[in-house]
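Architecture and fold: a report
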Amino acid sequence: MIETFKMWNCKPQMNGLGFIWLNKSSRERWNFYHPTLTPVVVDEYHNHRSGFNSTVVKGKLFNKRGLIVIGDKVMRSIDCITFLREGKSPDFPVVKDEVGIFELDTEVIGEGETYSMEAREMHKAWVEEPTITKLVRFREPDINGLGIYDAKKTPLCPVANFVTPEERCWEIIEEICQY
């Protein structure tokens, strides 16, 4: 299985939300989760820049959606990838204050099952065993990435703050594939 992924000729990249990704195309991304990658420091609710379907190819994924309510947190722009592509330091401006999250039930998505997220939906996801997902975006990104943070917490960029050598990423992907 790992050889198939390597044939795509794309570079794996660590994400501080608990996975390594491979972008097969602009719309198709494969995520490789491992419980040891699940962060303690980046666990905020966030949205995605475009809606998607995600199918669990191997393992099991936990997805917790949340609704934005009035609270004591802030909403920040988390589009650090655009900043990095432009060679700038990520910026996390507050776009709204006095917000909170009303947590909904945790969904458990098993092998072979698919879940969908709209771009504006807030969620956080994690695994408890090595897991592979195939994510297909509905369309190109069309909204800003947003996250809900404690007002005094300094945000981390899930990409820039978790850089991992390509060789190490491939080792982790292979371990997940062999699990």
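Being a predicted model, the structure only gives us computed values, none of them experimental.

Following the criterion strictly, the structure yields 5 salt bridges and no others. Each of the salt bridges in this network shares a partner with another, and the network as a whole consists of Arg-65, Glu-107 and Glu-121.

The next point concerns the nonpolar core. Core analysis: the biggest nonpolar cluster contains 19 residues, and Tyr-33, Phe-52, Leu-61, Phe-92, Ile-109, Tyr-115 and Cys-157 have the highest contact counts within it. Contributing elements (two or more residues each) for this core: strand E2 (19-23), strand E4 (52-58), strand E5 (60-77), strand E7 (114-117) and strand E8 (122-127). Beyond its immediate sequence surroundings of up to four residues, Phe-92 is in contact with Arg-76, Ser-77, Ile-78, Cys-80, Pro-155, Leu-156 and Cys-157. One finds Ile-2, Leu-22, Cys-169 and Ile-176 within the second-largest nonpolar core, a separate group that totals 16 residues.

Next up on the list: a nonpolar patch on the surface. On the surface, a nonpolar cluster with roughly 330 Å² of combined accessible area is contributed by Leu-67, Val-69, Phe-102 and Leu-104. Breaking the nonpolar patch down by element, the ones donating at least two residues are E5 and strand E6 (94-110). When you line up the elements, Leu-67 lands in strand E5. Among the residues examined, Leu-67 registers a relative accessible area of 45% and is labelled partly exposed.

The next thing to look at is the packing of aromatic side chains. With the rule as written, the count across this model stands at 8 aromatic pairs. Seen in terms of ring centroids, Phe-52 and Tyr-115 are 6.0 Å apart; in terms of plane orientation they differ by 80°. Their pairing is edge-to-face. Within this pair, whereas Phe-52 is found in strand E4, its partner Tyr-115 is found in strand E7, the two being separated by 63 residues in sequence. Tyr-115 shares its class with Phe-52; the two are buried. Cluster of aromatic residues (ring-pair linked, three or more members): Phe-5, Trp-8, Trp-30 and Phe-32. We note Arg-29 situated over the ring of Trp-21; from NZ or CZ to the ring centre the distance is 5.3 Å.

Sheet architecture is open: 6 strands sit in the order E1-E2-E3-E9-E4-E7, paired in antiparallel fashion. Both outer strands of the open sheet, strand E1 (13-15) and E7, are each paired with one neighbouring strand and no more. Each strand axis lies, on average, 30° off the axis of its neighbour in the sheet, ignoring direction. In terms of strand pairing, E4 meets E7 through 4 bridges, oriented antiparallel. The residue of E7 that forms the bridge with Thr-55 is Thr-114. Here helix H3 (residues 166-178) sits on the sheet in contact with E1, E2, strand E3 (28-33), E4 and strand E9 (131-137), set at roughly 100° to E2.

What follows covers H3. Between its first and last C-alpha, H3 extends 18 Å over 13 residues, near the 18 Å set by a 1.5 Å rise per residue. Those residues of H3 lying buried are Cys-169, Trp-170, Ile-172, Ile-173, Ile-176 and Cys-177. Looking straight down H3, one finds that the buried residues subtend no more than 160° of arc, so they occupy a single side. Turned more than 90 degrees away from the buried face of H3, the exposed residues are Glu-167 and Gln-178. Next to the buried residues of H3 lie helix H1 (2-7), E1, E2, E3, E4 and E9.

Procedures and definitions
- The numbering scheme is per chain: residues are counted from 1 as the chain's sequence reads.
- Note on the predicted model: pLDDT of at least 70 is required for a residue's local features to be given, and 80 or more for side-chain atom pairs to be given and counted; whole-chain, interface and lining totals, by contrast, use all residues.
- Computation of side-chain values: all heavy atoms of the structure, hydrogens and water removed.
- Take a side-chain nitrogen of Lys or Arg and a carboxyl oxygen of Asp or Glu: if they are within 4 Å of each other, that pair is a salt bridge.
- Here the nonpolar core consists of buried residues drawn from Ala, Val, Leu, Ile, Met, Phe, Trp, Tyr and Cys, with membership extended through side-chain atoms lying within 4.5 Å.
- Three exposure classes are used, based on accessible area relative to the maximum for each residue type with a 1.4 Å probe and protein chains only: buried under 20%, partly exposed in between, and exposed over 50%.
- Runs of E in the DSSP output that reach at least two residues are strands. Runs of H or I that reach at least four are helices, and both are numbered from the N terminus.
- Note on contacts: a residue pair qualifies if any of its non-hydrogen atoms lie within 4.5 Å across the two residues.
- Patch membership requires over 30% relative accessible area and the absence of a salt bridge. Like charges are linked within 9 Å, and nonpolar side chains (Val, Leu, Ile, Met, Phe, Trp, Tyr) within 5 Å.
- Only the protein chains shown count as cover for residues, and all accessible areas are computed by the Shrake-Rupley method using a 1.4 Å probe.
- Each Phe, Tyr or Trp ring (for Trp, its six-membered ring) is paired with any other whose centre lies within 6.5 Å, and the angle between the two planes then decides the class: stacked below 30 degrees, edge-to-face above 60, tilted in between.
- A positively charged side chain is recorded as over a ring if its NZ (Lys) or CZ (Arg) lies within 6 Å of the ring centre. The angle to the ring normal must also be within 35 degrees.
- Two strands are counted as paired when DSSP detects at least two bridges linking them.
- All axes here are fitted lines through C-alpha atoms, helices being fitted over the stretch that makes contact, and every angle between N-to-C directions spans 0 to 180 degrees.
- Take the number of residues in a helix, subtract one, and multiply by 1.5 Å to get its expected span.
- Note that the arc is computed from the directions linking the helix axis to the C-beta atoms.

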